[in-house]
Amino acid sequence: MLLSYYCSTCKKKNYLKYKVKDRFELQNKIGDELNKHCDSCGTLKKKHINRLHAEPNRYIGLIALAIASILTLTVWYYRFIATLAFTIPIWIYFDAYKTASDFNKIKVARKN
Ligand SMILES: [Zn+2]
């Protein structure tokens, strides 16, 4: 999770490095107000911690995508295996059926 706020002077987004679960934890760490120089314009502004905005980690999208890909591949792989497991017996059955059928169709010339 990333904490951010918009600088009131230059309107640029600033990110904070605090690793906290909620505002209470942040309050315990830094108090009620944040005193930080803006990353873009350097202006020192007090910002109440209630005005900080949290957003999910930027990598969470990539992680979700990776998990989705793995799941898709796994499902595809198992479907492939399932297809084989289903197809091979049918193929064996039809091959055996065809062999028998060919045996029955082809007759030797009678000698008498
Ligand atoms: Zn600024």
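In every chain, residue numbers begin from 1 and rise along the written sequence. Under the rules for a predicted model, residues below a pLDDT of 70 receive no local features and side-chain atom pairs below 80 are neither given nor counted, while totals for whole chains, interfaces and linings still include all residues. Side-chain measures were taken over the full set of non-hydrogen atoms in the model, leaving aside hydrogen atoms and water.

Draft legend 1. Quick peek at the coordination of the zinc ion. We call an atom a donor if it is N, O or S and sits within 2.8 Å of the metal, or 3.2 Å for Na, K and Ca. Water is not counted, so some sites may look partial. Surrounding the zinc ion are the protein donor atoms C7 (SG), C10 (SG), C38 (SG) and C41 (SG), which sit 2.2 to 2.3 Å from the metal. Every angle between 85 and 135 degrees makes a four-donor site tetrahedral, while opposite donors more than 155 degrees apart, with all other angles between 65 and 115, make a four-donor site square planar and a six-donor site octahedral; other sites are irregular. One way to put it: the four donor atoms around the zinc ion meet at angles of 107 to 113 degrees, and that makes the site tetrahedral. Mapping the donors of the zinc ion onto the primary sequence gives the spacing C-x2-C-x27-C-x2-C. Taking relative accessible area as the criterion, C7 reaches 3% and is therefore assigned buried. Think of it in three bands: residues with accessible area under 20% of the maximum for their type are buried, residues over 50% are exposed, and the middle band is partly exposed, with areas taken using a 1.4 Å probe on protein chains only. A relative accessible area of 26% means that C10 is categorised as partly exposed.

Draft legend 2. Structural detail: the pattern of salt bridges. When a carboxyl oxygen of Asp or Glu is within 4 Å of a side-chain nitrogen of Lys or Arg, the pair counts as a salt bridge. A full pass over the atoms with the stated rule returns five salt bridges. Residues E55 and K13 are paired through a salt bridge, measuring 2.9 Å at the closest nitrogen-oxygen approach. Of this pair, E55 sits in strand β5 (residues 53-55) while K13 sits in strand β2 (residues 13-16); the two residues are 42 residues apart in sequence, bridging distant segments of the chain. Classification of E55 as buried rests on a relative accessible area of 16%. Within the structure, one salt-bridge network assembled from shared partners comprises K98, D102 and K105. Helical segments are the DSSP runs of H or I of at least four residues, strand segments are the runs of E of at least two, and each set is numbered from the N terminus.

Draft legend 3. Geometry of the side chain of E55. Here the side chain of E55 touches K13 through a polar contact of 2.9 Å, side chain to side chain. Excluding anything up to four places from it in sequence, E55 contacts M1, L2, S4, K13 and Y15. Within 3.5 Å is the distance limit for a polar contact, defined as a pair of N or O atoms, with the added protein rule that one can donate a hydrogen and the other accept it, and that residues adjacent in sequence qualify only through two side-chain atoms. The contact definition used throughout considers only heavy atoms, calling two residues in contact when any of these lie within 4.5 Å.

Draft legend 4. Spotlight on helix α1 (residues 23-30). Structurally, the start of α1 carries an N-cap: the backbone nitrogen of F24 is 3.2 Å from a side-chain oxygen of D22. Trailing α1 by a residue or two, G31 shows a phi angle of about 90 degrees, which is positive.

Draft legend 5. Focus on the pairing of strand β3 (residues 33-37). Side chains of β3 alternate between two faces, with L34 and K36 buried and E33, N35 and H37 left unburied. Across five bridges, β3 lies against strand β4 (residues 44-48) in antiparallel orientation. Paired with E33 across the strands is H48, a residue of β4. The rule for pairing is simple: two strands pair if DSSP sees at least two bridges between them. The turn linking β3 back onto β4 is made up of six residues, and G42 within it adopts a positive phi angle of 80 degrees.

Draft legend 6. View of the packing of aromatic side chains. For this analysis, a ring pair means two rings from Phe, Tyr or Trp (six-membered ring only for Trp) whose centres lie within 6.5 Å, classed as stacked if their planes differ by under 30 degrees, edge-to-face if by over 60, and tilted for the remaining angles. According to the stated counting rule, one finds four aromatic pairs in the structure shown. Arranged with centres 5.8 Å apart and planes meeting at 10 degrees, the rings of W76 and F80 form a pair that is stacked. A residue pair is termed a helical-turn pair when its members lie 3 or 4 positions apart in one helix, as W76 and F80 do in helix α2 (residues 60-105) at four residues. Residue class for W76 comes out exposed when judged on its relative accessible area of 53%.

Draft legend 7. Molecular detail of the UniProt feature "transmembrane region" (unreviewed entry) in the chain. UniProt positions are given in the numbering used here, feature names are shortened, and annotations may be inferred rather than shown by experiment. In the numbering used here, UniProt assigns the "transmembrane region" (unreviewed entry) feature to residues 59-78. Helix makes up 95% of residues 59-78 and strand 0%, whereas the separation of the span's terminal C-alpha atoms amounts to 28 Å.

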